[in-house]
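Structure assessment
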Amino acid sequence: MRLAVLIFLVLGFGLLRLPLETGLEKAHQAAFFRTAKLDLSLRERIGQSNFIAALSGFRAPIADILWIQAHTAWEKTEYGVMARIFDNVTSLQPRNFYFWDNAAWHMAWNGSVFAFENPKQPRLAIRTKEQREFFDLGEDFLIRGIRNNPDSYQLRQTYALFLEQKRHDECGASEQYRLGMRLPGAPPYMERAVAIHLARCPGSEKVAYDQLRNLWLRSPEERKPTVITLIKALEKQLDIPEEQRIYKSDR
Amino acid sequence: MSTTPIKKRPFFSPARVWAIAGNTLTELVRLKVFYFLLLFALVIIGSSLFMIQFTFQQEFQVLKDASLGAMTIFTSLLAILATANLLPKDIEDRTLYTILAKPVPRFEYLVGKLLGVFLLLLISVVCMTVVFVIVLWLRQTTVLAQVQAEFSASPEDLAVKVREVRAAGLVPAIFQGVALIYLKACLLASLTLLVSTFATSAIFTTIVAVVVYFIGHLQSTAREYWLAGGNAGWATRVFTALISLIFPDLQLFNLVDDIVAGNAVVLSLFLKTCGLGCLYIIFYTLAAQFIFVKKEL
């Protein structure tokens, strides 16, 4: 009889705590906790035992083990295997910027170079195509990483580097630095990078000059060699009146 | 003829509860449960040495994940196994009858026993945290010295790098994670105590508690499915509703994975999570008393 009453009590307590649990879960997710989606496709990819462990509260250690497996695959230059493992790792730990950052780095930098210099592939067109595919894989990791970690300046910085070095998109790189420079913990050089890349973005020279000038005037710390070189070049290119120039021309 | 005045027994005596708790702790310590700390230290030091070849972010992260993961396993197992044996052992040793023959209410006995387990868990968690913090701090200090030597030429880069090392290393949010691991273990202990009040053996209690542990981590998925409705049949809806209402949501206390990843827990959110944990513990203890008070011993 007492057990029957206990069952009712447990069910009643369940109803009482239901709104509390739902509310707290929403609050956790709003604070970027528990954002990992542990669905059946992940179970197929990481295996039954890993999936059960991940569900039982050991998501992070499982992600680490997989990451070490990816490192082993890297030593064997198995970039396809690495891409698959990185996908699983980032599904398990979407709030870890380091995984996204390194996955993108391996794909867009290491993997792309490996594909382009593949001695087993004599045709340049195929090597170039495979290189582009690795660029796309790297960019995809960065975009998804930023979506999951909108507060990470590191991912914006890597994306800017990717756009600059792999897509030769200086305007895009400047935009990524601009988006990243106000994020928590962003280093001061990110603001400088906004202006430096903008100076190389066609049509934005005037805006870039104003930003570089402001930086130059703000503090002697900002007067780095690149800043000085760009200011001099832009003053000449934009034909800034002599009296307004920081660096007078040698006429 | 003289009459001795009847001494009024207090309804609840913290001193009696404390005495039972102290005794329970001593009994548990005599079982040499702290040997697992050696294993824990091996896990931490081993993972730290193994990861030295990687970057400092990776090294610190694996160290933190392995330590906090091991902490979760050890505390959860300890909570379940230590509590599952409490009542059967006292019945077997006949200690229970000696205690209850004295003016000790059954509720005080239960609370005292549970408090003893909580103390054991607290000592374990503190010891594990100390080992973990020492290893992490030592590695962090070494990496910081390397960074300072490497970037001494550029103060701006040095400042950024030092900040990165500190952010990847020992951050205060880790202690919030540890507190939640402890709270989850206490919740499991109180739930195991509830099961043991109507269980027929310690093995049954342990199995049920382990099953609850696993299902508790899936409860939020079942709840989400139940509340979303959708095209599920009535049988599925009843099943998911029962899982949602009967089992605790243990994923709510699993914030440590994201804390290691760099997420900070806002104090209000942390307190709300702790509040819900305490609510669970109070309910399970009261429910255990409800069964135990009329249990034939």
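All values derive from a computational prediction rather than experimental measurement.

What to know about the overall build of chain B
Counting its secondary structure elements, chain B contains 11 helices and zero strands. Counted from the first residue to the last, chain B has its helices and strands arranged as α-α-α-α-α-α-α-α-α-α-α. The long-range share in chain B, meaning contacts at least 24 apart out of those at least 6 apart in sequence, stands at 81%.

A look at the overall build of chain A
Looking only at helices and strands, one finds 12 helices and zero strands in chain A. Listing every helix and strand of chain A by position from the N terminus yields α-α-α-α-α-α-α-α-α-α-α-α. The C-alpha atoms of chain A give a radius of gyration of 25 Å, which is well past the 18 Å a tight globule of 251 residues would have. Dimensions along the principal axes, computed over C-alpha positions, put chain A at roughly 105 × 55 × 25 Å. Scored against the burial criterion, the 251 residues of chain A give a buried share of 37%. Within chain A, residue pairs in contact and separated by at least 24 positions form 49% of the contacts whose partners lie at least 6 positions apart.

A word on the confidence of the model for chain A
With 99% of its residues at a pLDDT of 70 or more, chain A has an overall mean of 90. Highest mean pLDDT in chain A belongs to helix α8 (residues 153-165) of chain A (97); lowest belongs to helix α2 (residues 40-46) of chain A (78).

A word on the nonpolar core
All names here are of chain B. With 126 residues, the main nonpolar core has Leu 121 and Ala 189 as its most contacted residues. When residues in this core are grouped by element, the largest group, 15 residues, is from helix α7 (residues 173-198). The residues touching Leu 121, leaving out its near neighbours within four places in the chain, are Thr 75, Leu 78, Ala 79, Tyr 182, Ala 185, Cys 186 and Ala 189.

Points about the confidence of the model for chain B
On average, residues of chain B carry a pLDDT of 88, and 97% of them reach 70 or more. Here the prediction assigns the complex a pTM of 0.87, and the interface score ipTM is 0.84.

Looking at the packing of helix α5 (residues 106-150) of chain B against helix α6 (residues 155-168) of chain B
Residues and elements named next belong to chain B. The N-to-C vectors of α5 and α6 enclose an angle of 165 degrees; their axes lie 10 Å apart at closest approach. Taken together, the axis directions place α5 and α6 in an arrangement best described as roughly antiparallel. Considering the relative orientation of α5 and α6, their crossing is right-handed. When α5 is examined against α6, the residues Gln 140, Val 143, Leu 144, Val 147 and Gln 148 are found in contact with a partner set consisting of Leu 158, Lys 161, Val 162 and Val 165.

Quick look at the packing of α7(B) against helix α8 (residues 202-228) of chain B
Residue and element names in this part refer to chain B. The geometry of α7 relative to α8 is characterised by a closest axis approach of 9 Å and an angle of 135 degrees between their N-to-C directions. Classified by the angle between their axes, α7 and α8 sit oblique to one another. Between α7 and α8 lies a crossing of right-handed hand. Together, Leu 188, Leu 191, Thr 192, Val 195 and Ser 196 of α7 and Thr 205, Val 208, Ala 209, Val 212 and Tyr 213 of α8 make up the contact between the two elements. Looking at side-chain class alone, the contact of α7 with α8 contains seven nonpolar, three polar and no charged residues.

Conventions adopted
Throughout this description, residue numbers start from 1 for each chain and increase along the sequence as written. Lettering of chains starts at A and numbering of ligands starts at 1, both following the order in which they are written. Residue-level local features of this predicted model are given only where pLDDT is at least 70; pairs of side-chain atoms are given and counted only at 80 or more, and the full residue set underlies all totals for whole chains, interfaces and linings. Think of it this way: any DSSP run of H or I at least four residues long counts as a helix, any run of E at least two long counts as a strand, and we number them from the N terminus. By definition, residues are in contact whenever their C-beta atoms, placed on the basis of the backbone, come within 7 Å of each other. What the globule rule says is 2.2 Å times the number of residues to the power 0.38, and the radius of gyration is computed from C-alpha atoms. Backbone-placed C-beta atoms define the burial measure: a residue is buried with 20 or more other C-beta atoms within 10 Å of its own, exposed with 12 or fewer, and partly exposed in between. How sure the predictor is of each residue is captured by pLDDT, a score from 0 to 100. Each nonpolar core reported here comprises buried Ala, Val, Leu, Ile, Met, Phe, Trp, Tyr and Cys residues connected via C-beta atoms within 7 Å. As a rule, the C-alpha atoms of each element are fitted with a line to give its axis, helices using only the stretch in contact, and angles between N-to-C directions run from 0 to 180 degrees. Orientation is classified from the angle alone, with under 35 degrees giving roughly parallel, over 145 giving roughly antiparallel, 65 to 115 giving roughly perpendicular, and any other angle giving oblique. Left-handed describes a crossing whose near helix is turned anticlockwise from the far helix by less than a right angle; the clockwise case is right-handed. Lys, Arg, Asp and Glu make up the charged group, whereas Ala, Val, Leu, Ile, Met, Phe, Trp, Tyr, Cys and Pro make up the nonpolar group; the residues left over, Gly among them, are polar.

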